[in-house]
There are 4 protein chains.
Amino acid sequence: MDLNADLAESFGRWELGDDEALLRIVTSANVACGFHAGDPGVIRRACAWAAREGVAIGAQVGYRDLLGFGRRFVDMAPAELTDEVLYQIGALEALAGAEGAEVSYVKPHGALYNAIVSHREQASAVVEAVHSYGRDLAALGLPGSLWLRLAEERGLRTFREAFADRAYTPEGTLVPRSEPNAVLTDPEAIAARCLRLARAEPIEAVDGSELEVAADSICLHGDTPEAVTIARAVRDRLVAAGTTPTPMIRR
Amino acid sequence: MDLNADLAESFGRWELGDDEALLRIVTSANVACGFHAGDPGVIRRACAWAAREGVAIGAQVGYRDLLGFGRRFVDMAPAELTDEVLYQIGALEALAGAEGAEVSYVKPHGALYNAIVSHREQASAVVEAVHSYGRDLAALGLPGSLWLRLAEERGLRTFREAFADRAYTPEGTLVPRSEPNAVLTDPEAIAARCLRLARAEPIEAVDGSELEVAADSICLHGDTPEAVTIARAVRDRLVAAGTTPTPMIRR
Amino acid sequence: MDLNADLAESFGRWELGDDEALLRIVTSANVACGFHAGDPGVIRRACAWAAREGVAIGAQVGYRDLLGFGRRFVDMAPAELTDEVLYQIGALEALAGAEGAEVSYVKPHGALYNAIVSHREQASAVVEAVHSYGRDLAALGLPGSLWLRLAEERGLRTFREAFADRAYTPEGTLVPRSEPNAVLTDPEAIAARCLRLARAEPIEAVDGSELEVAADSICLHGDTPEAVTIARAVRDRLVAAGTTPTPMIRR
Amino acid sequence: MDLNADLAESFGRWELGDDEALLRIVTSANVACGFHAGDPGVIRRACAWAAREGVAIGAQVGYRDLLGFGRRFVDMAPAELTDEVLYQIGALEALAGAEGAEVSYVKPHGALYNAIVSHREQASAVVEAVHSYGRDLAALGLPGSLWLRLAEERGLRTFREAFADRAYTPEGTLVPRSEPNAVLTDPEAIAARCLRLARAEPIEAVDGSELEVAADSICLHGDTPEAVTIARAVRDRLVAAGTTPTPMIRR
């Protein structure tokens, strides 16, 4: 099983998350590319730590919206989105390259992540960007999303992610954050669930029923105060059970 | 002789220069990278036209200053500048790559261009960026600048530029824009002078004396209304004299 | 009748429109506030010219989106939008004040203009901003829009605008720009139509039928090459007919 | 004695400082205006808390440099700086006004603060902005700075600040941060020193000699983890000694 987290989300004077600690835990780093978060120095340091730890680097591309942290949908033209995504991937690649690493996948961020679950033009625009980048980049995202489906149709490798700390409905969708119990907070419960995901065993949905979630990677959160504690608990549990996390991209 | 011009300096709704026309004339395109000008769509179109015309693509990197068009010195830390430059080169590379082209040199823009004539820390920071980019990028700039000297010491290929329409002092420096006759405006006079540069013949300094200017490339301006007319006159004169411009980078 | 146009849409190196010429023609200036266009220097000069010509100043507020020129819908929270609008109005007020003028109305720009025709939360958020600004600012916008309706309910003065150069359907809505004949281009035809609007006479819809358009102001475009010519033709026609334009706000 | 601190330095997702806690302690709030930090929502909340606590609001204007947090000198033209400062003051005023408060002074931030100690053109440009704002705004800054001297010459009220936690040379300048002992960290020592400042008694310079520092306000830092603890200790000491802090602006 792969463990991924959003990293390099600091910006200038503003610090967010503990990149160095998380990069000792995860196997895939979704590195912000400067449009919603991440400045070149922050990005480069994350890449350096990722390279040191053997963590795969993904481009966490987003809308050009620092103030909104990329969490607000922007109704932009597909061709413009394609170019904005290419720009971000290339920028990250240069900084990764200076640290002897390279970009190996793309995971869109925030409102763009949500949009391309179902917004065909934007999903297609992001796929187009990844495809035209020319190297063999993979796509990471929500199982069943248009983003992954169109990426697959275009010949890209695709990886599906599950969420370590989000409650699932019996139908396999996420319980909205506005509802109670939408987010799991107990590190041990989260770790136990991640072990089930790693073993391809069913997990418990919010109503107590069993749910099968096919996932290639588990998304851990990186920007909460407890992020490192939870991530560490998950990794320790997987390692203890003999299922040491490995980068999805190297399988 | 190589002819270079600043291109891709439009941004969103704002158009500046006639990229497509100039890319039929010059042999090296200094493509803005989004920090002082140039959005991803503008950049990509410039790269597409450059690729079509066989024009070499250079990264016109600058300070992060859209409002000031990169023309205001920013007293930033060298390590930050290195990362900012890498970010811009990579972003451009991705867009060039999508059009089947690649970045082959770096020419800093505006206040950064001026700063690294003599500002050692910033000159060194830009050289560091180009060097750590990993591919064999060349450096284009002012003859005698620290930027070119440090680039050379670091093992980079360097190219010196002369200015088609700027008056020179007898000592070989540019007449400041604040003085009368600092800028030549007659297309035929400019073309005649460029031919002399192309033939490695001395040109006339502002006081009428002869001046030797060793140059690998001639910088044409791209953002004035007369830019295309002048550039066309220069090219036509060179071609007519049997010195058809060729990209410096391919020599 | 009032004549309004969007002004101060240059930004740094990038020039757009001929503010000084248009400010000799219009009676209300929708001054960009820096979020989608307009830098403080451009804004201040527009205010100085407006003050000199006795033109009323309106805040042309928009989404924080320079690259998209405010023409892309941003799905932002209403409370954030309220604060963003207040910020823009205040910024403009300070620059107007330095030229002895003041802001007297608000006309949202681009995608925000379109959104608040029907998007209740955003329309309400903009009204809230104008109301909480504390001075007696008016609202200018599309007849029948939620923006004007909610503004009126909140006790603001409201003004309706017609478009000088846009074709109308028989139902009184604008013919989409994607359709043929959506935009009128003949200055004399536009001027004749504006005179009918000024006299509260029906105009001709796209199908030739008569259409009554109740308007307090006519919107002239400011950013096309022909903008000044058309605006001048409209004003000359109105003046010649004895209906000299006057600022809506002073009625 | 007045106590001032920099506030509203969060931006979107990124939180910095505990504005609400500090606004229960200080008497003057230097509110960031969005150029180096502070978004409209953050600014408005700071203004609301300031209004509730009777804290005076100052415009903490800075260079347009989010990434550098306004800490990098930008070599901009004076006229542009004047307009940039006006823009920021007005933006803040609108948000303060929506909370029933108003801007009463200006304290430049970061690199601009440092520049206008001695950079005549920029100091004059900021004074020009404050003067042309039209209301009776005061100037807060470093004793002996050009900023305060030119402001006074222009007829503005001026206030001098001392630093609660910075070591002073025997000559009365600040010990550079690069030197050891440049910053005091013990809350009680800082509080004791602030009481001496409040009583207009000499304080101890870094070499142990006595130093007279004439100050109208003491600057407390707002963005360190210990900021609130130190600020609280200072206030408590002043109150216990019968020198309850009051806003400088109301004297």
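Nothing here was measured: the structure is a model prediction, and the numbers come from that model. (Residues numbered from 1 in each chain as written. Chains lettered and ligands numbered in written order. Predicted model: local features only at pLDDT ≥ 70, side-chain atom pairs only at ≥ 80, totals over all residues. Heavy atoms only, no water.)

The operation relating chain D to chain A is a screw motion whose rotation component is 180 degrees, with 0.0 Å of axial translation and a residual RMSD of 0.0 Å. One copy is carried onto the other by what is essentially a two-fold rotation axis. Across chain D, the rotation axis passes nearest the C-alpha of W14(D), at a separation of 3.0 Å. Same-surface contact between copies: 100% of interface residues of chain D are shared with the interface of chain A. (Least-squares fit on C-alpha atoms with pLDDT ≥ 70 in both. Contact = heavy atoms within 4.5 Å.)

The strands making up a sheet are joined through hydrogen bonds of the backbone, oriented either antiparallel or parallel. Taken in spatial order, the seven strands line up as β1-β2-β3-β4-β5-β6-β9 (chain D) and close into a barrel, and their pairing is parallel. Geometrically, the sheet is characterised by an average inter-axis angle of 35 degrees between neighbouring strands, direction not taken into account. (Pairing = 2+ DSSP bridges. Helix = DSSP H or I, 4+ residues; strand = E, 2+ residues; numbered from the N terminus. Axes fitted to C-alpha atoms, helices over the stretch in contact; angles between N-to-C directions.)

The backbone of A200(B) shows a phi angle near 60 degrees, a positive value even though the residue is not glycine. Here A200(B) lies in the loop between α7 (187-198) and β7 (203-204). A positive phi is found at A8(D), a non-glycine position, where the angle reads about 60 degrees. With respect to the secondary-structure elements, A8(D) resides in the loop between β1 (2-7) and α1 (19-22). Given a relative accessible area of 0%, A8(D) falls into the buried group. (Buried < 20%, exposed > 50% of the residue type's maximum accessible area, 1.4 Å probe, protein only.)

Now for the pattern of salt bridges. Here the structure, examined in full by the defined rule, presents 71 salt bridges over all chains. The salt bridge partner of K107(C) is D6(C), with a shortest N-O separation of 3.9 Å. One end of the pair, K107(C), is in the loop between β4 (103-106) and α4 (110-118); the other, D6(C), is in strand β1 (residues 2-7), and 101 residues separate them in sequence. Since its relative accessible area comes to 4%, K107(C) is described here as buried. Residues D216(D) and R160(D) are paired through a salt bridge, measuring 3.1 Å at the closest nitrogen-oxygen approach. Residue D216(D) is found in the loop between β8 (210-211) and β9 (217-220), and its partner R160(D) is found in strand β6 (residues 158-163); the two are separated by 56 residues along the sequence. (Salt bridge = Lys/Arg side-chain N within 4 Å of Asp/Glu carboxyl O.)

Turning next to the packing of aromatic side chains. Overall, the coordinates contain 20 aromatic pairs over all chains when judged by the stated rule. Between the aromatic rings of F35(A) and Y87(A), the centroid separation amounts to 5.7 Å while the plane-to-plane angle is 50 degrees, which identifies the pairing as tilted. Highlighted residues: F35(A) in the loop between β2 (28-32) and α2 (40-53) and Y87(A) in helix α3 (residues 78-98), separated in sequence by 52 residues. Summarising the burial analysis for this pair, F35(A) and Y87(A) share the class buried. Judged by centre distance (5.6 Å) and plane angle (85 degrees), the rings of F69(B) and W14(C) are edge-to-face. Of this pair, F69(B) sits in the loop between β3 (56-60) and α3 (78-98) while W14(C) sits in the loop between β1 and α1 (19-22), which puts the two residues in different chains. Look at W14(C) and you get buried, because its relative accessible area is 1%. In this structure an aromatic cluster arises from ring pairing among F11(A), W14(A), F69(A), F11(D), W14(D) and F69(D). Between R13(A) and the ring centre of F69(D), over which it is positioned, the NZ or CZ distance is 5.8 Å. (Phe/Tyr/Trp six-rings, centres within 6.5 Å; stacked < 30°, edge-to-face > 60°. Lys NZ or Arg CZ within 6 Å of the ring centre and 35° of its normal.)

Before going further, it helps to examine the sheet that holds strand β3 (residues 56-60) of chain C. Residue and element names in this part refer to chain C. Strand order in the closed barrel formed by seven strands is β1-β2-β3-β4-β5-β6-β9, with parallel pairing between adjacent strands. Taking each pair of neighbouring strands and ignoring which way they run, the sheet shows an average axis angle of 35 degrees. Bridging between strand β6 (residues 158-163) and strand β9 (residues 217-220) involves three bridges; their strand directions are parallel. Of the residues in β9, the one forming a bridge with E161 is S217. On top of the sheet, helix α3 (residues 78-98) reaches β2 (28-32), β3 and β4; it is set at about 150 degrees to β3, its chief contact.

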